[in-house]
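Coordinate inspection notes
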Amino acid sequence: MRKLILLLPALLFLSLPLFVCTACAESDSGLAAVDSKEENIMLNELKKDNPSYYKELADIKAKHPQIYRKIIAGDLKKQKLMSDMKESNPEVYKKLIRISGLEKKVTDLVKLYNETAGNERKAELKNEIKNILSELFELREEKYNMDIRELENQLKTLKTKMAKRNENKEKI
């Protein structure tokens, strides 16, 4: 029980958007322009796929429009990156989608755990959360290993270019 409570802030940090209070003090000039058509498409998808986040955004929009615009701009940017990733690297894209789905599931289960009164049901939820967190850990490890392999390939390419450049130093 104690470990689960200690894990909760980490889970929330990973799965919920971060809001920076200093954004309230920033001027509108630093905000990215957001196409209202793209915003509406994204909001309609959120309303269907993630109603709790949609409601959270609606509350933020009403109370803090500047922060809302920053969040929407960031979410649209992430959506574009994911769309590009889907085409350029489907394997990583699938892992990221799976990770995102599991993070949402853990967040929902933690919320349910905190609302549940029965010890038996809490034990079941705790076990399910533990299993999902274990799977998340493994998926992230796989993703990190993929990133490392990609970086190693980039390093190898750069070293090859550097070696050719040094060979041709006199010609340059």
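Right above here is the structure, for reference.
Reference entry: report on the structure contained in this document. (Residues numbered from 1 in each chain as written. Predicted model: local features only at pLDDT ≥ 70, side-chain atom pairs only at ≥ 80, totals over all residues. Heavy atoms only, no water.)

Attention now goes to the overall build of the protein. For the protein, the helix and strand inventory stands at 6 helices and 0 strands. Ordered by position from N to C terminus, the α and β elements of the protein give α-α-α-α-α-α. For the protein, buried positions account for 23% of its 172 residues. Pairs at least 24 apart in sequence give 67% of the contacts found in the protein among residues at least 6 apart. Carbon together with sulfur atoms contributes 56% to the accessible area of the protein, which is approximately 12900 Å² in total. (Helix = DSSP H or I, 4+ residues; strand = E, 2+ residues; numbered from the N terminus. Buried < 20%, exposed > 50% of the residue type's maximum accessible area, 1.4 Å probe, protein only. Contact = heavy atoms within 4.5 Å. Areas by Shrake-Rupley, 256 points an atom, 1.4 Å probe, with all protein chains shown as cover.)

The next thing to look at is the pattern of salt bridges. Where charged atoms from two side chains of opposite charge come close, those side chains can pair. Under the defined criterion, the tally for this structure stands at 8 salt bridges. Glutamate 135 is the partner of arginine 98 in a salt bridge, and the nearest nitrogen-oxygen pair spans 2.7 Å. Here arginine 98 is found in helix H5 (residues 90-115), whereas its partner glutamate 135 is found in helix H6 (residues 119-167), with 37 residues between them in sequence. The exposure class assigned to arginine 98 is partly exposed, which follows from its relative accessible area of 40%. (Salt bridge = Lys/Arg side-chain N within 4 Å of Asp/Glu carboxyl O.)

The next thing to look at is the packing of helix H3 (residues 51-63) against helix H4 (residues 65-88). For the pair H3 and H4, interaxial distance at closest approach is 6 Å and the crossing angle is 140°. As the angle between them shows, H3 and H4 are arranged oblique. Two secondary-structure elements touch here, H3 through Tyr53, Leu57, Ile60, Lys61 and Lys63 and H4 through Pro65, Ile67, Tyr68, Ile71, Ile72 and Asp75. Along the lines of polarity and charge, the residues of the contact of H3 with H4 split into 8 nonpolar, no polar and 3 charged. (Axes fitted to C-alpha atoms, helices over the stretch in contact; angles between N-to-C directions. Parallel < 35°, antiparallel > 145°, perpendicular 65-115°, else oblique. Nonpolar A, V, L, I, M, F, W, Y, C, P; charged D, E, K, R; others polar.)

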